[in-house]
Structures are given as structure tokens and as C-alpha cells.
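Architecture and fold: a report
For reference, the chains in residue letters:
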Amino acid sequence: MIGQHSRLTAVLAISVVSLFLTMTVGFADEVNGPLLVLPEKSFDFGYVPQNTSISHNFVLKNEGTDSLFILNIKPG
Amino acid sequence: MKKKELAVGDSTSVEIIFRTGHYKGKVRKSTSVRTNAKKQERLQIQATILKDADTSRPLMLEPTAIQLDEIRPDNPNRKWKFKVALLNIGEENVKVHMVSAPKGLFDVKLPGKDIKPGKERYIEFKFDDRIGQELFTKSVTFELNDEAKTRYTIPISKSRRWGPTRASQ
């Protein structure tokens, strides 16, 4: 009876610790404020002729908790 | 860029245009995206810029770019097509698939079958009357099924609006 009680206490303790760790990691990952997410960060055009112009569309997402303002996009 | 403010869960797209000029060989360019978020991000493009089309093995494209100011059709109010030839100058069969193409301005049809060594197939660009008043700088990127996953980009631009032609009046 005592052995069974100890086992139950140990399982409960492990569960509480696991829950605590999960919550801690979860909170650490959570972002407060805007979060810019780029599903595609780079694009390879492959072979392209000289003296021409090429273009590609990149998607910008806000996966944060507040509005995201795009202030500027510039080369460099 | 269509929107400068994104609500939570919202998205937009940004068009990066690169002028190849007199660059030659592999070129990498990056663009910084500055926002009010803590973490800043960068976008990167790369291309292999060629002076001569015959160095673009295993395919040779003809033409390598489409300048619509120079190839205006007799009657742009009708649907019309423009073809780019893909000549396989390699030693293996290759098949092409689309990587990136603009939406809405024109349709692009890639050859569905393999291109055998020494043979030619075509990419078809289908335009309609909407194109006449449009000005744009776009490109179409496709990839081969070869080991290197070779990519090609065909620039397509139009810098002048078309007035009515005798045929369309």
C-alpha cells in the first residue's frame, strides 16, 4: 500500500515538473509585439541575360501579437 | 509593396526588381526589411548572369528576354502568343517545371514533354488586350529536372503604352 502511494507521488511529481518545463519553454517562445516572418528568405533566378531586369515577389507575414509596420525596404 | 501596415496574422508581398546591367557570373544581392519588430530580416536574391546564351547549358534559349515594346502584334486587341525556343544542347533528356511567374498579366505554358538532346521545344506566353495599357518589369523562372536543378529566368518587360493600331480600329 505504502509502495503504491510512493509510486503515485513520484508520478505526480514528474507530471508537475514536466508541466512546469513545458509552460516555461512555451512562454519563452511566445512573442510580445509584432513579429515579421518571411516564408521565403532567398530566391535563386538561375541563368539570366545581361542588361535586363528580373523580379520576384516575397511574402511578408506578421505572426506577432501587435501590428507590424514596414518602415523601409532597401538594398544592402 | 501593397501594404505598409500588417495587422496580426496579416500578410503582404514585396516585389524585388534586380537590374542585371553589365554584371557577369554569379551575383548575390540582399535587401534589408526594416520594421517595428525586434528582429529585423533580410531578403536575398542570386543569379548567374550570362553574356552569351550559348554558355547556359544544358538549354539554349531564344530569345533570352522578351521586350514587348519591340514585338508589338498587329492587333493587340486579340489574344496572341509569343514563343521562346528551348534547345537542348546537353546530353540528357530534360523536363522543365515552373518555379515563379507573375499572376494576371499573361499566361505561361511550359512544354509538357521531355526535351531530348539536340531537340527544341517552346515556352508559350499568351497575351490578351489587357496588356496594351500596362507597363511592367516581370520575369518567369523555371527549373530543369537535371542533377544540378538548373534554373533559367526569362525577363519580360513593357515600357510604353500601346495606342490603337489601324488593325484594331
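Above: the structure in question.
Description of the structure in this document.

Some points on the interface of chain A and chain B
- With 40 residues of chain A at the contact, the number on the chain B side is 59 residues.
- Taking both sides of the interface into account, the surface hidden between chain A and chain B amounts to around 4800 Å²; carbon and sulfur atoms contribute 54%.
- Summed over the shared surface of chain A and chain B, the result is one salt bridge.
- The partner of K41(A) in a salt bridge is E41(B), with the nearest N and O atoms 3.1 Å apart.
- Between chain A and chain B we count 39 residue pairs in polar contact (both at pLDDT 80 or more) in total.
- Where the side of chain A that touches chain B is concerned, the elements lending two or more residues are β2 (42-49), β3 (53-62) and β4 (68-75) of chain A.
- Among the elements that make up the side of chain A that touches chain B, the one with the highest residue count is β3(A) (ten residues).
- Of the residues that constitute the side of chain A that touches chain B, the class distribution is 19 nonpolar, 15 polar and six charged.
- In this sheet, strand β4 (residues 41-50) of chain B lies alongside β2(A) in parallel orientation, the contact comprising seven bridges. Its bridge partner lying in β4(B), D44(A) is registered against Q46(B).

Examining the environment of E143(B)
Residues and elements named next belong to chain B.
- Position of E143 relative to the elements: it lies in strand β11 (residues 136-144).
- A residue is classified by how much of its surface remains accessible, and E143, at 11% relative accessible area, is buried.
- Along the chain, E143 and K4 lie 139 residues apart, while their C-alpha atoms are 32 Å from each other.
- In contact with E143, not counting residues within four places along its chain, are K95, V96, H97, V99, K149, T150 and R151.
- A distance of 2.8 Å separates polar atoms of two side chains, one belonging to E143 and the other to R151.

Describing the sheet that holds strand β7 (residues 80-88) of chain B
All names here are of chain B.
- If you walk across this open sheet you meet the four strands as β5-β7-β10-β9, and the pairing is antiparallel. In the strand order of this sheet, the two ends are held by β5 (59-62) and β9 (107-109), each with one partner. The average angle at which neighbouring strand axes cross in this sheet is 20°, direction not considered.
- Of the pairings in the sheet, the one linking β9 to strand β10 (residues 120-127) comprises three bridges and is antiparallel in character. Bridging from a neighbouring strand, V108 pairs with F125 of β10.

Remarks on the pairing of β5(B)
All names here are of chain B.
- Here β5 shows one buried face, formed by L59 and L61, and one open face, formed by M60 and E62.
- Pairing of β5 with β7 involves four bridges; the strand directions are antiparallel. Paired with L61 across the strands is L86, a residue of β7.

Remarks on the layout of surface pockets
- For the largest pocket, the calculated volume is near 390 Å³.
- Along the wall of the largest pocket there are 18 residues; nearest its centre are N57(A), A101(B), P102(B), K103(B) and K138(B).
- Of all the secondary-structure elements, those providing two or more residues to the lining of the largest pocket are β3 of chain A together with β2 (11-19), β8 (96-100) and β11 of chain B.
- Here the residues of the lining of the largest pocket are counted per class, giving seven nonpolar, six polar and five charged.

Considerations on unusual backbone geometry
- The omega torsion of the bond from R57(B) to P58(B) falls at 5°, within 30 degrees of zero and hence cis.
- Its place among the elements puts P58(B) in the loop between β4 and β5.
- With an omega of 0°, the peptide bond between E62(B) and P63(B) qualifies as cis.
- Assignment of secondary structure puts P63(B) in the loop between β5 and β6 (66-67).
- For N51(A), which is not glycine, the phi torsion reads 55° and is therefore positive.
- Within the secondary structure, N51(A) sits in the loop between β2 and β3.
- Phi at K149(B) is positive, roughly 50°, even though this residue is not glycine.
- On the secondary structure map, K149(B) appears in the loop between β11 and β12 (151-158).

Scoring rules and cut-offs
Note that residues are indexed from 1 along each chain, following the sequence as it is written. Note on labels: chains are lettered from A, ligands numbered from 1, in written order. Given that the model is predicted, a residue must reach a pLDDT of at least 70 before its local features are reported, and side-chain atom pairs must reach 80 or more before they are shown or counted; all residues, however, enter totals for whole chains, interfaces and linings. Side-chain numbers come from the whole structure's heavy atoms, not from hydrogens or water. For this analysis, residues touch if any pair of their heavy atoms sits within 4.5 Å. As used here, buried area is the combined drop in accessible area, with a 1.4 Å probe, of two parts when they are placed together. Any carboxyl oxygen of Asp or Glu within 4 Å of a side-chain nitrogen of Lys or Arg constitutes a salt bridge here. We call two N or O atoms a polar contact when they sit within 3.5 Å, provided that within protein one can donate a hydrogen and the other can accept it, with sequence-adjacent residues counted only if both atoms are side-chain atoms. Runs of H or I in DSSP of at least four residues are treated as helices and runs of E of at least two as strands, each being numbered from the N terminus. Each residue is assigned to one of three groups, with Ala, Val, Leu, Ile, Met, Phe, Trp, Tyr, Cys and Pro labelled nonpolar, Asp, Glu, Lys and Arg labelled charged, and all others, Gly among them, labelled polar. The criterion for strand pairing is that DSSP finds at least two bridges linking the strands in question. The cut-offs for exposure are 20% and 50% of the maximum accessible area for each residue type, with area from a 1.4 Å probe on protein chains only; residues under the lower value are buried, those over the upper are exposed, and the others partly exposed. Only the contacting stretch of a helix is used when fitting its axis, a line to C-alpha atoms as for every element, and angles between N-to-C directions run 0 to 180 degrees. A pocket, in this scheme, is an open set of points on a 1 Å grid over the protein atoms alone with protein on both sides within 12 Å along at least 5 of 7 lines, while a cavity is a set where a 1.4 Å probe fits but cannot get out; residues line either one if an atom lies within 4 Å of a point. Grid points are joined across faces, edges and corners, and a volume is the space filled by probe spheres set on the points.

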